[in-house]
Amino acid sequence: AMPVTAEVYFSSSAPGIVTKGDSFSVSGTGAVNGTVGIWIVGRDHFEVLTIAPDRHGNFSIIIKPTATSSFSSGQYAIVFQDPGPGGILEIGSGTDVHGNLAIMNRGKIVARLGPRQELGENIRFVVDQILNTSSIPGIDDTFQAEYFFVEEPAIHFDDLIPASGFRLHDKVTGERIVISGTTNIGAANTLTTEVRIRKTNEIVVEKIIPV
C-alpha cells in the first residue's frame with residue numbers, strides 16, 4: 001500500500017514554496033511495507049533519503065536549513081517511494097561509468113539522466129523516469145510525486161517611494177515611525193533591524209523582531 005497521505009509541509013508564508021535557508025518536512029501515513037524512499041530532485045540536486053516508518057506506518061523527516069541553503073532557485077520535486085508488499089526498495093539511484101546520474105533496478109541501470117549540473121529544466125522528465133520504473137516486470141515499488149519551488153529569501157517594504165531605489169518617505173522629528181513589510185522566510189526566523197545615520201553610519205536603533 002502506498003502512503004496515500006504523503007505530503008510536503010512548508011515553513012514559508014506561501015504554499016508550495018521553500019525559501020533557501022528555511023527547513024521543510026515531508027511525512028505520510030499508511031507505510032506498512034517497510035522503509036520508505038524519499039527522492040529530492042532539483043535543478044542541480046539529486047538525492048535519495050530513506051526513513052523507517054513507526055509500527056503504525058507513520059513517517060516524517062525534516063530537511064534542515066543547512067541543506068536548503070544550497071538549493072538552486074527553481075522547480076523541485078519530492079518523490080515518495082513505497083517498497084510494496086516485498087518490503088524491499090528495488091529502485092534506487094546511482095551513476096554510470098562516466099559519473100552521470102542514473103536510475104537503478106537492483107544495481108542495474110534502467111534510465112540515464114545525464115550530469116547532475118544539467119538537470120536544469122528537466123525536473124518533470126526526471127520524475128517521469130522514476131515513476132515509469134513501477135511498470136518494470138517484477139517491480140512492486142510504487143511512487144508518488146509532489147512539486148514545489150525554491151526561492152531566494154527576500155524582504156519587501158511597504159510605503160516605498162516609487163522608482164526611488166528603496167527609499168522610504170521622509171519623517172518628521174518627534175513623530176512615531178512605523179516601518180512594515182513582508183518576507184518569504186518562515187515564521188521560525190527573526191530579523192535583525194537597524195536604523196542608522198546616513199552620513200556617519202552610526203546605529204541609532206537596533207532590534208531583533210519576529211517574522
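Residues numbered from 1 in each chain as written. Predicted model: local features only at pLDDT ≥ 70, side-chain atom pairs only at ≥ 80, totals over all residues. Heavy atoms only, no water.

### A look at the nonpolar core
Alright, step 1. Counting residues in hydrophobic clusters, the biggest one holds 19 residues, and the most contacted among them are F24, V26, I38, F59, I78 and F80.
Alright, step 2. Those elements that place two or more of their residues in this core are β3 (24-28), β4 (36-41), β6 (59-63), β7 (74-82) and β11 (142-151).
Alright, step 3. Apart from the residues lying within four places of it in its own chain, the contact partners of F24 are V8, Y9, F10, V18, I61, I62, I63, T68, F71, I78 and F148.
Alright, step 4. The next biggest cluster of nonpolar side chains, apart from the first, holds 17 residues, and it includes A77, I91, A111 and V127. (Core = buried A, V, L, I, M, F, W, Y, C linked by side-chain atoms within 4.5 Å. Buried < 20%, exposed > 50% of the residue type's maximum accessible area, 1.4 Å probe, protein only. Helix = DSSP H or I, 4+ residues; strand = E, 2+ residues; numbered from the N terminus. Contact = heavy atoms within 4.5 Å.)

### Some details on the layout of surface pockets
Alright, step 1. Quantified by volume, the largest pocket comes out at close to 1,300 Å³.
Alright, step 2. As for the largest pocket, its lining consists of 31 residues, of which F157, L168, I179, E194 and V195 are closest to the centre.
Alright, step 3. Considering every element that reaches the lining of the largest pocket, the biggest residue donor is strand β14 (residues 190-196), with 6 residues.
Alright, step 4. For the lining of the largest pocket, the per-class residue count stands at 16 nonpolar, 8 polar and 7 charged. (1 Å grid on protein atoms, 1.4 Å probe; cavity = no way out; pocket = protein on both sides within 12 Å on 5 of 7 lines; lining within 4 Å. Points joined across faces, edges and corners; volume = space filled by probe spheres on them. Nonpolar A, V, L, I, M, F, W, Y, C, P; charged D, E, K, R; others polar.)

### A word on the side chain of D22
Alright, step 1. Note on placement: D22 falls in the loop between β2 (17-19) and β3.
Alright, step 2. One buried charged side chain, D22, makes no salt bridge at all; its nearest oppositely charged neighbour is K20, positioned 12 Å away.
Alright, step 3. From its side chain, D22 meets the backbone nitrogen of G186 in a polar contact 2.5 Å long.
Alright, step 4. Setting aside chain neighbours within four positions, we find D22 in contact with S11, P65, T68, N184, I185, G186 and N189. (Lys, Arg positive; Asp, Glu negative; His and termini not counted. Salt bridge = Lys/Arg side-chain N within 4 Å of Asp/Glu carboxyl O. Polar contact = N/O pair within 3.5 Å; in protein donor to acceptor, adjacent residues only side chain to side chain.)

### A closer look at the sheet that holds β6
Alright, step 1. The strand order β1-β3-β6 describes an open sheet built from 3 strands, whose pairing is antiparallel. Each edge of the open sheet is held by one strand with a lone partner, namely β1 (7-10) and β6. Across this sheet, the average inter-strand angle for adjacent strands is 20°, counted without regard to direction.
Alright, step 2. Here β1 pairs with β3 via 4 bridges, running antiparallel. If you follow F10 over to β3, its bridge partner there is F24. (Pairing = 2+ DSSP bridges. Axes fitted to C-alpha atoms, helices over the stretch in contact; angles between N-to-C directions.)

### A short note on the packing of aromatic side chains
Alright, step 1. Counted under the stated rule, the structure contains 7 aromatic pairs.
Alright, step 2. Measuring from ring centre to ring centre gives 5.8 Å for F10 and F148, while their planes differ by 55°; the resulting arrangement is tilted. Taken together, the residues F10 in strand β1 and F148 in strand β11 connect sequence positions 138 residues apart.
Alright, step 3. A relative accessible area of 25% means that F10 is categorised as partly exposed. (Phe/Tyr/Trp six-rings, centres within 6.5 Å; stacked < 30°, edge-to-face > 60°.)

### Looking at the environment of L113
Alright, step 1. Here L113 is to be found in strand β10 (residues 108-114).
Alright, step 2. With 92 residues separating them along the chain, L113 and G21 place their C-alpha atoms 27 Å apart.
Alright, step 3. Contacts of L113, omitting those with residues within four sequence positions, involve F46, L101, A102, I103, L119, V126 and Q129.

### Quick word on the confidence of the model for the protein chain
Alright, step 1. When pLDDT is averaged across the protein chain, the result is 89; 97% of the residues are at 70 or more.
Alright, step 2. By mean pLDDT, β1 is the weakest element of the protein chain at 83, and β4 is the strongest at 95. (pLDDT = per-residue confidence, 0-100.)

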